[in-house]
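# Coordinate inspection notes
Spelled out, the chains give:
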Amino acid sequence: MTDPRIGIIHERMKEITKIIAVSSGKGGVGKSMVASTLALILARKGCKVGLFDLDFTSPSTHVVLGVGGIRPKEEKGIVPPEVLGLKYMSITYYSGDLAAPLRGTDVSNALIELLSITIWGKLDYLILDMPPGIGDVTLDLIRLLPNTRFLIVTTSSQLAFETVKKFVGLLEEMKMPVIGVVENMKMNNSDDIHLQADKLGLKFLAVIPYDAEVESAIGDAEKLLGTALANGVKKIALEIMVRN
Ligand SMILES: Nc1ncnc2c1ncn2[C@@H]1O[C@H](COP(=O)(O)OP(=O)(O)OP(=O)(O)O)[C@@H](O)[C@H]1O
Ligand SMILES: [Mg+2]
């Protein structure tokens, strides 16, 4: 028997124009920073934006944005609180500061549950902060929300880009659209990642330099928007608004 919640998900998400998953084959490359900053920038440009932290085991966008202590309202579902001009949803509303150690089927269950209870309403963009790699959440997301577009984050390291190649290969096989790739925390002058992205037919969206100011901007949205990281993300936001 199919899970009855899956039918509800479509109904819940029907007023969302574009769903963008900020992903990578690798951990620690800056997905959460890029996802949070992208959501903030799109909201400042006047778009209706939602941000959904789908990294259930290590949620971090609430820390990036500095929005602890908020709770959603219950209203025949869950209404995500509006913070910093965007609608924000995270498993931390339920897990608090405790870890949420979820196994495979529990991850699917949490994802299906949150997708089926959250009332997003009308959104131009729903930004998803994804856990690293091709795991349960990514595979379930592709199954449950097949209209998701992927924004891929890599660093300048070949170790990161190799995992990106695999990730993008899988997305292509599954006919999932890829918006493009962003090279984050860049500290060299090489255009190697750009060239490799071109070779794969991936749009190279932006370079984000390693920016020592980022650390002190965590938890302070205004400061975050003034960093070199935000400058790079602005380019991505423009590309998304024009083409995606
Ligand atoms: N451009 C940058 N300059 C300096 N530091 C950065 C930059 N981008 C990200 N960071 C830092 O790198 C670390 C990893 O970033 P982040 O948590 O966003 O990565 P992630 O890909 O979401 O990690 P995970 O896979 O664990 O979810 C953080 O400490 C973050 O502040
Ligand atoms: Mg993260």
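That block above? That's the structure.
Residues numbered from 1 in each chain as written. Chains lettered and ligands numbered in written order. Predicted model: local features only at pLDDT ≥ 70, side-chain atom pairs only at ≥ 80, totals over all residues. Heavy atoms only, no water.

## Considering the pairing of strand S1 (residues 16-23)
Applied cut-off: Here's how the labels work: a residue is buried when its accessible area is under 20% of the maximum for its type, exposed when over 50%, partly exposed in between, all with a 1.4 Å probe on protein chains only. Elements are defined by DSSP. Helices are runs of H or I of four residues or more, strands are runs of E of two residues or more, and each kind is numbered from the N terminus. Pairing between two strands requires that DSSP report at least two bridges joining them.
Counted residue by residue, S1 has six buried out of eight residues, so it is predominantly covered. Here S1 pairs with strand S7 (residues 123-129) via six bridges, running parallel. When the bridges of S7 are listed, lysine 18 appears paired with tyrosine 125. Pairing of S1 with strand S8 (residues 149-154), which is carried by four bridges, proceeds in the parallel orientation. In the strand pairing of S8, valine 22 is matched with leucine 151.

## Considerations on the sheet that holds strand S9 (residues 178-186)
The eight strands are arranged S5-S6-S2-S7-S1-S8-S9-S10 in an open sheet whose pairing can be described as mixed. The two strands at the open ends of the sheet, each matched to only one other strand, are strand S5 (82-83) and strand S10 (204-209).

## Observations regarding the environment of proline 131
Test applied: The contact rule is simple, with two residues in contact once any of their heavy atoms fall within 4.5 Å.
With respect to the helices and strands, the residue proline 131 is situated in the loop between S7 and helix H6 (136-144). The sequence separation of proline 131 and glutamate 213 amounts to 82 residues, and the corresponding C-alpha distance is 24 Å. In contact with proline 131, not counting residues within four places along its chain, are Lys31, Leu54, Asp55 and Val137.

## Some points on helix H11 (residues 228-243)
For the record, the criterion: Multiplying 1.5 Å by the residue count of a helix minus one yields the expected span of that helix.
Given a rise of 1.5 Å per residue, 16 residues ought to cover 22 Å, and the 23 Å separating the end C-alpha atoms of H11 matches this to within 8%. Three or more residues of H11 are buried, namely Leu229, Ala230, Gly232, Val233, Ile236, Ala237, Glu239 and Ile240.

## Describing the pattern of salt bridges
This is how the line gets drawn: The term salt bridge refers to a pairing of a side-chain nitrogen on Lys or Arg with a carboxyl oxygen on Asp or Glu at a separation within 4 Å.
Evaluated as defined, the whole model comprises nine salt bridges. Note that aspartate 3 and arginine 5 form a salt bridge whose closest N and O atoms lie 2.7 Å from each other. Aspartate 3 gets classed as partly exposed once you look at its relative accessible area, which sits at 23%. The class of arginine 5 is buried, set by a relative accessible area of 19%. Between glutamate 75 and lysine 73 there is a salt bridge whose closest N-O contact spans 3.9 Å. Take lysine 73: its relative accessible area is 52%, and that puts it in the exposed class. A single network of salt bridges, built from pairs that share partners, joins Asp3, Arg5 and Glu113.

## What about the packing of aromatic side chains?
Rule in force here: Geometry of aromatic contacts follows a simple scheme: Phe, Tyr and Trp rings, the Trp one being its six-membered ring, pair when their centres are within 6.5 Å, and the pair is stacked under 30 degrees between planes, edge-to-face over 60, tilted otherwise.
Counted according to the given criterion, the structure contains three aromatic pairs. Measuring from centroid to centroid gives 6.2 Å for tyrosine 88 and tyrosine 93, while their planes differ by 85°, and the two rings are edge-to-face. The exposure class assigned to tyrosine 88 is buried, which follows from its relative accessible area of 1%. We classify tyrosine 93 as buried; its relative accessible area is 5%.

## Observations concerning helix H1 (residues 4-13)
Every α-helical turn comprises 3.6 residues, leaving residues that sit three or four positions apart pointing alike. Condition: Directions pointing from the helix axis toward each C-beta atom define the arc.
Every buried residue of H1 is listed here: Arg5, Ile9 and Met13. Buried residues of H1, seen end-on, are gathered within an arc of 70° and therefore sit on one face of the element. Residues of H1 that are exposed and point more than 90 degrees away from the buried face comprise Pro4, Gly7 and His10.

## Remarks on the site of ligand 1
Quick reminder of the rule: Only heavy atoms are used to decide nearness, and a residue is near a molecule or strand if one of them lies within 4 Å of it. Any N or O atom pair separated by 3.5 Å or less is treated as a polar contact, with the protein-specific requirement of one donor-capable and one acceptor-capable atom, and with residues adjacent in sequence counted only for side-chain atom pairs. Each accessible area is a Shrake-Rupley result for a 1.4 Å probe, and residues are judged covered by the shown protein chains and nothing else.
Contacts to ligand 1 come from 18 residues, most closely from Gly28, Lys31, Ser32, Asn184 and Asp211. Here an oxygen atom of ligand 1 and a side-chain polar atom of aspartate 55 are 3.3 Å apart. Here ligand 1, which alone exposes 630 Å², has 79% of that area covered by the protein. Counting only elements with at least two residues in the shell around ligand 1, the list comes to helix H2 (31-44), S9 and S10. No other element matches the three residues that H2 contributes to the shell around ligand 1.

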